[in-house]
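The primary structure of each chain is shown beneath.
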Amino acid sequence: MNKIGKNVVTQQMVADAAGVHLSTVSLALRNAPRIPEETKAHIRQTAEKLGYQPNPLVSMLMARVRRGDSGYRGTLGFLHTAEADLPKLQTHQHRNFLLGARARAKELGYNLDEFFLPKTERLVRQFMRMLSTRSIHGLVIEFVPGPSCPDRRLPFDCAPFAVASLGMPLASPQLHYVANDQYMRAVLAGQHLLELGYKRIGLVIDSTFDRLMAHRCSAGFWALQHYTQGIDVLPILQLDRGNLGSLKGWLDEHRPEAVLGTSLHSLEEMRRLGLTVPDDVGWAHLDWLPEHKRVAGVYGNSEHTGAAAVELVVSQLHRGEAGPPSRAMNYLVAGSWMPGKTLRKVGPPIDLDSTFFGSLAAL
């Protein structure tokens with residue numbers, strides 16, 4: 001990882017050399033009473049050997065955060081890799097990324113300004129100079145496929161910035177990354193359907209949605225089916241760009257008791273085909289949003305995802321770190337189950353913990 005300034009020794013470097021967690025170093029250097037004296041002495045000796053010197057600005061910022069003083073107003077950037085007029089960026093999920101990020105930044109004493117990555121090399125250079133002029137040293141990057149960021153590769157050097165990405169992971173550089181937990185979203189939905197007695201559960205998923213989520217959603221559902229005793233295994237129906245033409249044949253052949261979907265279009269098509277929900281078949285939304293109201297499903301908590309990305313950036317700023325990390329960390333934000341009128345109790349419950357996870361007593 002690049003450090004701000006030449007030959008700057010950070011607390012993370014001290015932690016690595018001392019073989020302890022970063023938080024232990026921070027507490028030890030503040031002489032926290034809960035850290036054993038032997039550990040504090042070891043950390044101080046390591047820090048002295050490396051030439052560690054506290055950064056006065058960082059110390060001031062950390063003191064403000066610890067006492068809840070948000071008077072300091074630095075500015076962070078929230079950078080979309082897609083153009084401003086892309087309709088996808090106006091959806092509830094993406095706006096919640098930004099709203100959550102902005103709210104958390106304010107709590108930590110920062111403003112958050114929204115930017116869109118330019119399409120040409122010349123304009124990107126101008127954009128980088130503008131960030132420098134405005135003393136913006138922290139960036140949250142939301143990757144959305146588009147011409148400004150081909151092949152998931154950033155077209156600029158992020159070495160001067162404390163940075164984290166969210167949404168779909170970048171191919172290069174590898175950054176600290178925050179996303180909704182798509183894998184466990186399918187497992188969570190399955191858990192609640194099993195509690196209602198559903199045994200024949202199907203997944204209807206848009207193939208583009210699944211690819212953008214690195215296939216985590218379909219992987220979670222596959223694991224649910226194959227490692228849960230007492231339920232049937234139904235093939236996943238992948239829809240190409242939302243084309244519902246294959247849905248009727250899949251329903252007729254496999255007769256699911258309930259369907260997990262990633263779009264309301266499949267629910268609407270099932271009703272158009274004459275199926276009554278939930279009497280004939282249950283349905284749950286794996287990308288539930290508040291406007292879906294009476295529909296059951298899993299809410300991704302995108303506002304918390306945006307907030308977590310800001311926390312990652314601010315923590316790097318406070319440690320004096322910038323650029324791609326030597327060990328990028330992935331953080332997944334859990335979804336929340338939202339009950340609705342599209343499901344009903346159909347039989348005795350199946351306990352997911354005792355089947356999917358199995359007995360842990362022998363471990």
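Here the structure is a predicted model, which is why all the values come from computation and not from measurement.

Peer 1: I would appreciate a short explanation of the sheet that holds strand β5 (residues 162-167) in the present structure.
Peer 2: The pairing of strands in a sheet comes from backbone hydrogen bonds and takes either a parallel or an antiparallel form. Overall, parallel pairing links the six strands, which are arranged β3-β2-β4-β5-β6-β13 in an open sheet. Because the sheet does not close on itself, it has two edges, and the strands there are β3 (110-116) and β13 (330-333). Neighbour-to-neighbour, the strand axes of the sheet open up by a mean angle of 20°, direction not taken into account. For strand β4 (residues 138-143) and β5, the ladder comprises six bridges, and the chain directions are parallel. Note that in β5 the partner of Ile141 across the bridge is Ser165. Relative to β5, helix α12 (residues 302-319) is tilted by about 165°, and along the sheet it contacts β2 (74-80), β3, β4, β5, β6 (176-180) and β13.

Peer 1: Teacher, can you tell me more about the sheet that holds strand β8 (residues 237-239) here?
Peer 2: Across the sheet, six strands lie side by side as β8-β7-β9-β10-β11-β14; this open sheet has mixed pairing. What marks the edges here is a single partner per strand, and that holds for β8 and β14 (336-338). Direction aside, neighbouring strands of the sheet carry axes that sit 20° apart on average. In this sheet, β8 lies alongside strand β7 (residues 201-206) in parallel orientation, the contact comprising three bridges. Pairing of Val204 across the sheet is with Leu237, part of β8. Here helix α11 (residues 264-272) sits on the sheet and contacts β7, β9 (258-261) and β10 (282-288); the angle it forms with β10, its principal contact strand, is near 160°.

Peer 1: Which parts of the structure should I look at to understand the packing of helix α2 (residues 22-29) against helix α3 (residues 37-50)?
Peer 2: A pair of packed helices is characterised by two quantities: the angle between their axes and the separation of those axes. Contact geometry of α2 with α3 gives a least axis separation of 9 Å together with a crossing angle of 95°. Taken together, the axes of α2 and α3 lie roughly perpendicular to each other. For the pair α2 and α3, the contacting residues are Thr24, Val25, Ala28 and Leu29 in the first and Thr39, Lys40, Ile43 and Arg44 in the second. Broken down by class, the residue content of the contact of α2 with α3 amounts to four nonpolar, two polar and two charged.

Peer 1: When you look at the pairing of β9 in this model, what are you seeing that I'm missing?
Peer 2: Side-chain alternation along β9 places Ala258 and Leu260 on one buried face and Val259 and Gly261 on a second face that is also buried. Relative to β9, β7 is paired through four bridges, and the arrangement is parallel. Within β9, the position partnered with Gly202 by the bridge is Val259.

Peer 1: It is not clear to me how the packing of aromatic side chains should be interpreted in this structure. Could you clarify?
Peer 2: Remark: the centre distance and the inter-plane angle together describe each pair of aromatic rings, the angle taken between the planes. Using the criterion set out here, one finds three aromatic pairs in the structure. Between Phe115 and Phe127, the aromatic rings sit 5.6 Å apart at their centres with planes inclined by 70°, giving edge-to-face as the arrangement. Placement of the pair is Phe115 in strand β3 and Phe127 in helix α6 (residues 121-133), with a sequence separation of 12 residues. Its relative accessible area of 7% is what places Phe127 among the buried residues.

Analysis parameters
- Residue numbering note: each chain is counted from 1, following its sequence as written.
- With pLDDT at 70 or above as the cut-off, local features in this predicted model cover only qualifying residues; side-chain atom pairs require 80 or more to be listed or tallied, and sums for whole chains, interfaces and linings still use all residues.
- As a rule here, side-chain values cover all heavy atoms of the structure and leave hydrogens and water aside.
- Should DSSP find at least two bridges between two strands, the strands are taken to pair.
- A run of H or I in DSSP counts as a helix once it spans at least four residues, and a run of E counts as a strand once it spans at least two, with each numbered from the N terminus.
- Simply put, an axis is a line fit to the C-alpha atoms, just over the touching stretch for a helix, and the angle between two N-to-C directions goes from 0 to 180 degrees.
- Any two residues whose heavy atoms approach within 4.5 Å at even a single point are treated as in contact.
- Working rule for angles: under 35 degrees goes down as roughly parallel, over 145 as roughly antiparallel, 65 to 115 as roughly perpendicular, anything else as oblique.
- When residues are grouped by polarity, Ala, Val, Leu, Ile, Met, Phe, Trp, Tyr, Cys and Pro land in nonpolar, Asp, Glu, Lys and Arg in charged, and all others, Gly among them, in polar.
- Working definition: with a 1.4 Å probe on protein chains only, accessible area under 20% of the residue-type maximum means buried, over 50% means exposed, and in between means partly exposed.
- Pairing of aromatic rings covers Phe, Tyr and the six-membered ring of Trp, with a centre-to-centre limit of 6.5 Å; geometry is then stacked below 30 degrees between planes, edge-to-face above 60, and tilted otherwise.

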